[in-house]
Structure formats: structure tokens, C-alpha cells
Amino acid sequence: MGLRRTSWVQLYALCRRAPLSTAPAAREQPAAGPGAEPVCGPGETARPPVPAVDFGNTQEAYRSRRSWELARSLLVLSLCASPALLARHEQLLHLARKLLGQRLFNTLMKMTFYGQFVAGEDQESIRPLIQHNKAFGVGSILDYGVEEDLTPEEAERTEMESCSSALERDGRGVSKREKQFQAHRAFRDRRDGVTRARTYFCASEAKCDSHMETFLRCIEASGGASEDGFSAIKLTALGRPQFLLQFSDVLTKWRRFFHHVAAEQGKAGLAAVDTKLEVAALQESVVKMGIASRAEIEDWFTAETLGESGTLDLLDWCSLIDSRTELSRQLAVPNTQTGRLEPLLSQFTEEEERQMARVLQRVGVLAEKASQAGVRLMVDAEQTYFQPAISRLTLETQRRFNTERPLVFNTFQCYLRDAYDNVSLDVELARREGWCFGAKLVRGAYMAQERARALEVGYEDPINPTYEATSAVYHRCLDYVLEELKHNARAAVMVASHNEGTVRFTLRRMEELGLHPADRQVYFGQLLGMCDQISFPLGQAGFPVYKYVPYGPVMEVLPYLSRRALENSGVMKGAQRERQLLWQELKRRLCTGSLFHQPA
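Criteria and cut-off values
- Residues numbered from 1 in each chain as written.
- Predicted model: local features only at pLDDT ≥ 70, side-chain atom pairs only at ≥ 80, totals over all residues.
- Heavy atoms only, no water.
- Helix = DSSP H or I, 4+ residues; strand = E, 2+ residues; numbered from the N terminus.
- Buried < 20%, exposed > 50% of the residue type's maximum accessible area, 1.4 Å probe, protein only.
- Contact = heavy atoms within 4.5 Å.
- Areas by Shrake-Rupley, 256 points an atom, 1.4 Å probe, with all protein chains shown as cover.
- Pairing = 2+ DSSP bridges.
- Right-handed = clockwise from strand over helix to strand, strands pointing away.
- pLDDT = per-residue confidence, 0-100.
- Phe/Tyr/Trp six-rings, centres within 6.5 Å; stacked < 30°, edge-to-face > 60°.
- Core = buried A, V, L, I, M, F, W, Y, C linked by side-chain atoms within 4.5 Å.
- Axes fitted to C-alpha atoms, helices over the stretch in contact; angles between N-to-C directions.
- Expected span 1.5 Å × (residues − 1).
- Parallel < 35°, antiparallel > 145°, perpendicular 65-115°, else oblique.
- Nonpolar A, V, L, I, M, F, W, Y, C, P; charged D, E, K, R; others polar.
- Salt bridge = Lys/Arg side-chain N within 4 Å of Asp/Glu carboxyl O.
- Patch = residues over 30% accessible without salt bridge, like charges linked within 9 Å, V, L, I, M, F, W, Y side chains within 5 Å.

A.B. asks: Help me out: how do you make sense of the overall build of the protein chain in this one?
C.D. replies: A count of helical and extended segments in the protein chain gives 25 helices and 14 strands. Across the 600 residues that make up the protein chain, the buried fraction comes to 56%. Partitioning the contacts of the protein chain with sequence separation of at least 6, the portion at a separation of at least 24 is 80%. Total accessible area on the protein chain is roughly 26100 Å²; 53% of this is exposed by carbon and sulfur atoms.

Given below as C-alpha cells:
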């Protein structure tokens, strides 16, 4: 098969210009340029004061739950706190299915773990729960929670094949990617050490198309179940990991080169958004490393592209790389240790080029569908060796679809050391280009796996050293975004946290900044089956709050349920308070004769 060189810019152009589906265009909305007035300005009408939120009032917190549901929650969360049971939970589930038979086993699961964490088996069966929660002020983020039940050997084989190119598999090419962005046999099953997220394996283009169809049905279900829902997607389900690894490697090396030059100019240690390079000194570095000739650089650094400041920041630099450098140049990236260019594997078969383009097309199809259905699309974060590419592809989708409102939300994992730089750069880019910033802030789902991989493979641990450090980064990122929301009515953020302290911090900063829940700029999110004492008081007080709602057949959702059980074992400090409140409410109902409470 012939070999060709391709350009990331061509792929971006395909994403932006090419028709991605035969569906009708998204419904028109009033134009909302950078200077447009918000629909409901702060001074237009007198709004009621923001009600106080009491997370300790169990009667109000559990008003939407019947007593048997509280008892189930208490039982399931208590079982999840038992290390002995968790260590053997897979064997116990297998034994229960063998003894009870499939029908009774399904009934048992629906009465316990499945009923606690999963909404139902299909789009119709989940409607009652979604509508019930909505009646008490809590919306839904739909997520088809099915994972392929692959054996470790099948998962490992699929992962190794999909993370390498045809040339690498044939032995005709050697990957020059850094160790972090290569597949490693010790970590070829990405499910290991992951407790909060589904894992997809891309075995073929047909499988990727099947995943896209699943996401499309999920978007349809979300649009049909509520008027203001979200739907979650994962980009590793939509294309070969090889593409994400290689693109992530390129993006990381260009960014590292920028910071290397910044250090040479005495500007190390600054936040990325505040780091500005002297253009004259940068030109010399670019010529010295052979990235471009002096004549080419004169065309790059002009007053028309950079203004008259004589400085250039990381966003300026990345925009120049995107628009002026071909892939053949991008894949020859500078090694900041030797000062020389080191080529990456830059040749792709025609089939691999088509596969790359299809990733962008699939994301575009999903965003189009979400726009038509009135559903917001939430792109989940994934492992650090995929995340630079995932964030970049999400950003391209936001540029296209977030022109009038935040339709596509990127996810930022605040347990990463560079989380603040990532958040602040995207906020600044949206501000400059005039599109609507939309983000979900989480602590992170891959900590154990990321740390073990960094130690084994031999690169710097990307995770903050402690939980307290992660919380500090989370609050710093959140504060930066909330400040932006104060001045930009077209931006939005979801605070996806089970931490009561973080939620209280958000409420306090919203009050200080004058951000009213009726503006619907700040959303809150928790998993179904966890932290009802946070979700429902927020919803009943008028704050936009959502449950992450998985659904799917019992047996196909079992891997998800295993992760929920493992997750609860790792966050029992927070769950301990939840169990105490559940006990408190059950005892209150028993003592007051309201054990048969019916939600109304």
C-alpha cells in the first residue's frame, strides 16, 4: 500500500468545512457576538435571593427517596466499605449467578448494586427515574454504561495492535515517540487501576462506528427524556489510539519547546498563560534548531499576526504551528537536550490517513446530533498519554459548535500538575476567538494507573503528590473559571465533585461574584447512587445539578458496577458521612411514624 504524508491542518480543515452528515443543519438561534447582551442581565429584573443550602438536613435531602431506597443505599455503601468483600466481589458475583440462575441473579442485582448505580436497561426504562429526579430539581447526564467483557488477553492484544502503526507492526519503522506516548506491555490492559471511567478498545473501524451509533442513541435518549440534558462521550471509542498517542506526542513536544525557550529567556516558573517570549530571541532559537529558515520566520512573525508587542505567548505559538507548519515538519520536533531535530514516524498508509479523518468526522456527527436534540455534549477526560490529543480535538469541535452557547464541554482533571495551565489557556483562547467556553472540572479517574505507569516506564509522575494538593489545584482552576463567568455570560462550568467542601467553596464564590443559579452558568454533577445529600438540596434550592446516569442491560453493565464498588472503597471518608446521614434519616422516619414516606 502506498505511503503518503498528511497534515494535521488538513484534518482540522476536514473537521471544520466538510459536511459530516446528511442531517439538517442545527436550528438557528439569535446571533450572539462577543458584545452581545445576555438574555437576562443582572439588572433587568429583580431576582429572588439565593436560598441557603443545608447539606445536613436529612428530611429535605432525602425527601425524594422512599425508606426502602434509603435502606438499599445504606446496605450497598456499607458493603462497598468492606475490604474483604471487595477483594472477592467478582468471585462472589459469579457464585451468586451460578446458584440463583440468570433470572434471580438479575432480580437480586436490581434490588441492590444495579438498582443503586444504574438507571435501567434501555431508553424507555430509564424515563421514570429521570423524570422523578427532575421533579426534585436534579437533571441527568446520560451514559450508556456497557463495557466489552474482554478477557485480559483479548484486551491486551487489541490494545497493542491499535496503539502501533502498520509500519511498526511490520518491523519497517521504529517509533520515535517518547516513552510516555508509546504502548507498553506492562500496561496494555487500560482497565487496570481505573475506578471511575468506562474503557473502550478500538479493534476496528467497524467497532468505532458501532460506538458512534451507541453515542447517537444516547444523545437521542437524553433529548427525549429532558429539555436540558447532557450526554457523555469518549474519544478513545471513536478512533485508533495510535493516532491519539502520536498527536499527543507532537503537541507535548512543541509545548515543551516553547517552555524551553522561555527558560532560556529567564521566564521559567510562570503560569503558561502569563509566559511571553521575546520574538527576536525566539526567531534565533527556531533558526538554530532548523525548524524553519530565516525567510520563513519573517513571514510568521508579522505585526498582522502578532500585533506590535514584540512578544509571543503559547497560544500565539501554537496558532502559528497549526497554520504554517506541515506534518512532515511537525513530526521533526526539537530535542531540548541535544538541540537537534528528531523525526517521528511520519509515514502513514492511506488507510491510516482515512482512519484519522474519521475520528474528526465522528466527533462532528455527534456534535451535530447534540445540537439538533438540544443536548450538551460532554467529552470525558482520559489517560495523560491520550489527553493532549483529546483536548485538542475537543477544542476544534468547540470552535465550530460553541459559537452561540457552550454546547461542547471539555473535561479537565485537576489531579494533574498542569491542570491550571490547561484551564487558563483554554479560557484565554475562547476569549480571544469569541467562542463559548464550556468545561467540566473533575479530580480525576486514573491516578493509580498513571502513577504506576510513570514509575515503571520511567517518566515524570504527572499527578499531584497529595489529595490536598489536588484539592488546592481544583479550587484554583475553579476560581479562575468563576472569575471568567462573572465577566462572560456565555461561558459555563460543571463542578463535578462529591466533595462537600468543594461544593461549599463554589457556593461561597458564586455569592461573592454575584453569580446567580438562575443564570445557569454554574452546574454541579455527581454520580447516580452517590451523594444524594449534596445533589438534592442543591436542586431544591434552584441550582442546576445533574446526576451522571448510566444505563444498560444487567450483565453488560457488570464491569461498570465493579468499578463503582472499587471506587467507593477509595472514597469512604466522604461516604462515611453519607452513611451517617442515611442512618439518621431512617431513624427519624421510624421515630416519627413516617417510615412509609411517599415522595411528593
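On we go.
A.B. asks: Is there a simple way to think about the pairing of strand 10 (residues 408-413) in this case?
C.D. replies: Looking down a regular strand, the side chains alternate between one sheet face and the other. The buried count for strand 10 comes to six of six residues, which makes it a mostly enclosed element. A two-sided burial pattern is seen for strand 10, the buried positions comprising Val408, Asn410 and Phe412 on one face and Phe409, Thr411 and Gln413 on the other. Note: strand 9 (residues 376-379) against strand 10, two bridges, orientation parallel. By the bridge assignment for strand 10, Met378 is matched with Phe409. After leaving strand 9, the chain enters helix 18 (residues 387-401) and then returns to the sheet as strand 10, a path that is right-handed. In terms of handedness, the path from strand 10 via helix 19 (residues 419-433) over to strand 11 (residues 438-442) forms a crossover that is right-handed.

A.B. asks: Any chance you could explain the confidence of the model for the protein chain here in plain terms?
C.D. replies: Reading fine detail from the predicted coordinates is not recommended where pLDDT is low. Averaged over every residue, the pLDDT of the protein chain is 79; the share at 70 or more is 73%. For residues 1-43, every residue scores under 50 in pLDDT, and the model assigns this stretch 78 contacts once sequence neighbours within four places are set aside. In the predicted structure, residues 343-347 sits below a pLDDT of 50 and forms 22 contacts with residues beyond four places in sequence or in another chain.

A.B. asks: Would you mind going over the packing of aromatic side chains with me for this structure?
C.D. replies: Two aromatic rings are characterised by how far apart their centres lie and by the angle between their planes. By the definition in use, this model includes 11 aromatic pairs. Pairing Phe412 with Phe437 gives two aromatic rings, centres 6.5 Å apart and planes at 25°, and the pair type is stacked. One end of the pair, Phe412, is in strand 10; the other, Phe437, is in the loop between helix 19 and strand 11, with 25 residues separating them in the sequence. With relative accessibility at 5%, the residue Phe412 sits in the buried group. Given the relative accessible area of 2%, Phe437 is considered buried. Of the aromatic side chains, those joined through ring pairs into one cluster are Phe230, Phe409, Tyr523 and Tyr546.

A.B. asks: How do you make sense of the nonpolar core when you look at a structure like this?
C.D. replies: Side chains of a nonpolar character, in soluble globular proteins, are inclined to be buried together. Judged by nonpolar contacts, the single largest core of 64 residues is most densely connected at Trp317, Leu441, Val522, Phe524 and Leu538. Discounting residues that sit within four places of it in the chain, Phe524 has contacts with Met494, Val495, Val503, Thr506, Leu507, Met510, Leu538, Phe543, Pro544, Val545 and Tyr546. The next biggest cluster of nonpolar side chains, apart from the first, holds 32 residues, and it includes Ile219, Phe247, Val365 and Leu366.

A.B. asks: Would you mind showing me how to read unusual backbone geometry here?
C.D. replies: Trans is the prevailing form of peptide bonds, just as negative phi is the prevailing case for residues other than glycine. Unusually for a residue other than glycine, Arg520 sits at a positive phi of about 55°. In this fold, Arg520 is placed in the loop between helix 22 (500-513) and strand 13 (522-527). At Cys531, a residue that is not glycine, the phi angle is positive and equals roughly 60°. You can see Cys531 is positioned in the loop between strand 13 and helix 23 (532-540).

A.B. asks: What am I meant to see in the sheet that holds strand 11 here?
C.D. replies: Pairing between sheet strands relies on hydrogen bonds along the backbone, with the strands arranged either parallel or antiparallel. Taken in spatial order, the eight strands of this closed barrel run 2-3-9-10-11-12-13-14, and their pairing is parallel. Across the sheet, the mean angle from the axis of one strand to that of its neighbour is 30°, orientation sign disregarded. In terms of strand pairing, strand 10 meets strand 11 through four bridges, oriented parallel. Each bridged residue has a counterpart across the sheet, and for Gln413 the counterpart in strand 11 is Val442.

A.B. asks: Is there a simple way to explain the side chain of Asp532 in this structure?
C.D. replies: Positionally, Asp532 belongs in helix 23. Leave out the neighbours within four places in its chain, and Asp532 touches Ala61, Tyr62, Arg65, Pro537, Lys547 and Glu578.

A.B. asks: Which parts of the structure should I look at to understand helix 10 (residues 205-225)?
C.D. replies: Structural remark: α-helix, 3.6 residues per turn; residues separated by three or four positions point the same way. Taking 1.5 Å as the rise per residue, helix 10 with 21 residues should run 30 Å; its terminal C-alpha atoms sit 30 Å apart, in good agreement. Taken as a whole, helix 10 has its buried residues at Glu205, Cys208, His211, Met212, Thr214, Phe215, Leu216, Cys218, Ile219, Ala221, Ser222 and Ala225.

A.B. asks: I keep staring at the packing of helix 11 (residues 241-264) against helix 18 and nothing clicks. Help me out?
C.D. replies: Each pair of packed helices gets described by two things: the angle between the helix axes and the distance between those axes. Running from N to C, helix 11 and helix 18 point in directions that differ by 90°, and their axes come no closer than 7 Å. Taken together, the axes of helix 11 and helix 18 lie roughly perpendicular to each other. The segment helix 11 lies against helix 18, with Phe243, Leu244, Phe247, Ser248, Leu251 and Thr252 engaging Gln387, Pro388, Ala389, Ile390, Arg392 and Leu393. Its residues assigned to classes, the contact of helix 11 with helix 18 comprises eight nonpolar, three polar and one charged.

A.B. asks: Looking at this structure, I do not really get the pattern of salt bridges. What am I missing?
C.D. replies: Two side chains bearing opposite charge may form a pair once their charged atoms approach each other closely. On inspection of all chains with the given rule, the structure shows 34 salt bridges. Of the charged contacts in the structure, one is a salt bridge between Arg362 and Glu205, with a shortest N-O distance of 2.8 Å. Of this pair, Arg362 sits in helix 17 (residues 350-373) while Glu205 sits in helix 10, and the two are 157 residues apart along the sequence. Side by side, Arg362 and Glu205 carry an identical accessibility label, which is buried. Between Asp228 and Arg520 there is a salt bridge, and its shortest N-O distance comes to 3.1 Å.

A.B. asks: Quick question: what am I supposed to make of helix 22 here?
C.D. replies: Between its first and last C-alpha, helix 22 extends 20 Å over 14 residues, near the 20 Å set by a 1.5 Å rise per residue. The set of residues buried in helix 22 consists of Glu500, Thr502, Val503, Phe505, Thr506, Leu507, Arg509, Met510 and Leu513. A positive backbone phi angle near 75° is found at Gly514, which sits one or two residues after helix 22.

A.B. asks: What's the story with the packing of helix 19 against helix 21 (residues 467-487) in this structure? I'm lost.
C.D. replies: For the pair helix 19 and helix 21, interaxial distance at closest approach is 9 Å and the crossing angle is 10°. What the angle tells us is that helix 19 and helix 21 run roughly parallel. Within the contact between the two elements, helix 19 uses Ala419, Tyr420, Val423, Ser424, Val427 and Arg431 and helix 21 uses Val473, Arg476, Cys477, Tyr480, Val481 and Glu484. Class assignment for the residues of the contact of helix 19 with helix 21 results in eight nonpolar, one polar and three charged.

A.B. asks: Quick question: what am I supposed to make of the environment of Val473 here?
C.D. replies: Counting through the fold element by element, Val473 comes out in helix 21. On the accessibility criterion, Val473 (17% relative accessible area) is buried. Val473 sits 30 residues away from Arg443 along the chain, and the two C-alpha atoms are 9.1 Å apart. If we ignore the near neighbours within four places in the chain, the residues touching Val473 are Cys414, Leu416, Ala419 and Asn464.

A.B. asks: Mind showing me how you'd approach a nonpolar patch on the surface here?
C.D. replies: A surface patch of nonpolar side chains, amounting to about 620 Å² of accessible area, comprises Leu85, Leu92, Leu95, Leu99, Leu100, Leu104 and Leu108. Sort the elements by how many residues they give to the nonpolar patch and helix 5 (residues 89-111) lands first, with six residues. Turning to its location among the elements, Leu92 is positioned in helix 5.

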